[in-house]
Amino acid sequence: PAPEKNDFIRQIVRDDLASGKHSRIRTRFPPEPNGYLHIGHAKSICLNFGIGREFGGLVNLRFDDTNPSKEDMEFVESIQEDVRWLGFEWDELRHASDYFEVFYRSAVKLIEDGKAYVCDLSAEEVREYRGTLTQPGRPSPYRERPVAENLDLFRRMRAGEFADGSRTLRAKIDMASGNINMRDPALYRIRKVAHQNTGDAWPIYPMYDYAHCISDALEGITHSLCTLEFEDHRPLYDWCVDNVDLPNHPELWQPLVEAGFDTPVAKPRQIEFSRLNINYTVMSKRKLLALVSDGLVAGWDDPRMPTLSGLRRRGYPPAALRLFADRIGISKQNSVIDFSVLENCVRDVLDAEAERRMAVLDPVKLVIENLPEGHAETLEFGNHPKNEAAGKRTVPFSREIWIEREDFMETPVKDFHRLVPGGEVRLRGVGIVKCVDVIKDGETVRELRGQLDLDSRPGMEGAKRKVKGTIHWVCAKAGVPAEVRLYDRLFTVADPDNDEDGKSYRDYLNPDSIRTVRAMLEPAACAAAPEQSFQFERSGYFTADRHDHRPDAPVFNRSVTLRDTWSA
Ligand code: ATP
Ligand code: MG
Ligand code: MG
């Protein structure tokens, strides 16, 4: 069994269970459906769902859909697919928009209690009145509006009587607070935009800081885990939870009960952890969206994207992403994780799980002259060197085979231990072959001719003879041509977000991040199901493309090379 994880959040959960503060915990993963999930979200998913699973708790998937204009059903569907693909299942699926009526009633309560008011300042004026870190804010001229006037104006905001941006509902907290988030933050704004769940029902929408904590309270979330930039918002989170006081005001959530929702209303606690940053990529949804809409990548699931659907298509197994989340752990320290940490997780999982196959990427023909014309055999190869249970496969072999162009050098450099004119190399699973002739078209090698040492076949005494190199090959008669996409990092620099010298991440796109090559595959590689991964011997881990692979027209994506080629 894996060692028990013990970060500071799990410690809090453990203590809360031990002390009896909670008999069962509940967490949530709250994506905004305005883009596809990325590897940063995977950290949050593995944390929230992992804790739920480890402590026998419940986990909600909640669409934080309070911002209608950027949201889309395509994103809603992809998010569910990606969470499941990562290996998790939610207990309840919720939408913040399920709670619009509760948010509204709660806001009316705050107004009645003298804790919120309708403000007519423009966005720019609000900013100016708010003050700065070193300067207290000034009260809005509308701050002392009578409750009855606030109630009337808020009802008319809700009825759609006023123009976008003309008024807001603000919490009445403290314009002199050292925490700017507490200087009468907006709770509601006017936006006459249709919403994908509620249509035209609402011309006003709640702000994140107000809606999120009330949603947590309604769902009985015990530990609301979020990233560090919300640390300064925690006083506001607590202010809203305490002043709305749902547990003592069941009339506020009566509409949910009537609609049949489970409402385990309770007081939630926000806990912050550091977000995931990885080098050689960008993670802001705005930038990922721009890469897609400007055609700089082939879509959200382009295998170079840090999106979960991109990593999936690239061939990263979900177990590798979970392993990555475990390895990086949870803390309050901001840091940038090296991309190779993620790639090593992929290598570790695929090394254990992926069967081995032979594929020749840039093929050149080798004719073995001392085998008769039409000679053909069937060899048997183990599927996995460290796992007998993976079984064996048959590999056709004949007089003509493909080898990698790179495995031959006419004028070898020092320490080149593969095939050279007059030299010997071992053909994996076949025996020792000597290069006896090189046939060229101008400068290009068109064909190699060889002689197989017939006493060096596997199991024979002569097979023990030492030669420096071993190369792989594919039978020219039975081999299947394939398209192989060699993916690499999308950016050439570690920090593409760095916008010094007026440059942007677009200036750092890696022109070699995709190279498509023709390859020859052994037949047992072609039968692969979409998304099946193999180690192509000596070359890397490759995965049959989810969409384009067909057994008679194979398409493989390089998931990761065998070794790290980026770090020095
Ligand atoms: P945006 O602000 O661009 O809309 P976001 O990054 O806040 O997007 P959400 O959809 O709101 O994305 O995120 C859902 C959850 O995933 C949040 O709880 C958020 O804290 C978490 N999350 C997002 N990015 C990361 C990251 N890089 N590392 C860890 N958690 C993250
Ligand atoms: Mg967000
Ligand atoms: Mg973001």
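Residues numbered from 1 in each chain as written. Chains lettered and ligands numbered in written order. Predicted model: local features only at pLDDT ≥ 70, side-chain atom pairs only at ≥ 80, totals over all residues.

**Some words on the UniProt feature "domain: tRNA synthetases class I (E and Q) anti-codon binding" (unreviewed entry) in the chain**
What UniProt calls "domain: tRNA synthetases class I (E and Q) anti-codon binding" (unreviewed entry) maps, in this numbering, to residues 470-545. Helix and strand shares over residues 470-545 are 5% and 38% respectively, and the end C-alpha atoms of the span are 29 Å apart. (UniProt positions renumbered as here; feature names shortened; annotations may be inferred. Helix = DSSP H or I, 4+ residues; strand = E, 2+ residues; numbered from the N terminus.)

**Regarding the site of ligand 1**
Around ligand 1, the structure places 16 residues, and the nearest of them are Pro 31, Gly 40, Arg 275, Leu 276 and Lys 285. Broken down by secondary-structure element, the contributors of at least two residues to the shell around ligand 1 are helix H2 (39-54) and strand S8 (223-227). Top element by residues in the shell around ligand 1 is H2. It accounts for 4 residues. Grouping the amino acids of the shell around ligand 1 by side-chain chemistry returns 5 nonpolar, 6 polar and 5 charged. Each of domain 1 (8-273) and domain 2 (276-356 + 482-568) gives at least three residues to the shell around ligand 1. (Near = placed C-beta within 6 Å. Nonpolar A, V, L, I, M, F, W, Y, C, P; charged D, E, K, R; others polar. Domains from an automatic or database assignment.)

**Some remarks on the sheet that holds strand S18 (residues 444-452)**
Within the open sheet, the 7 strands sit side by side as S19-S16-S17-S18-S12-S15-S20. Their pairing is mixed. Either end of the sheet is taken by a strand with one partner, and the two such strands are strand S19 (470-471) and strand S20 (474-475). Note that strand S12 (residues 363-368) and strand S15 (residues 400-404) share 5 bridges and pair antiparallel. Paired with Lys 365 across the two strands is Trp 402, which belongs to S15. (Pairing = 2+ DSSP bridges.)

**So, the domain arrangement of the chain**
The domain boundaries assigned to the chain delineate domain 1 (8-273), domain 2 (276-356 + 482-568) and domain 3 (359-472). Tallying the contact residues gives 20 residues for domain 1 and 21 residues for domain 2. Secondary structure elements with two or more residues in the side of domain 1 that touches domain 2: H2, helix H3 (73-85) and strand S9 (269-273). A per-element tally of the side of domain 1 that touches domain 2 places H2 first, with 6 residues. The residue makeup of the side of domain 1 that touches domain 2, split by class, is 11 nonpolar, 6 polar and 3 charged. (Contact = placed C-beta atoms within 7 Å.)

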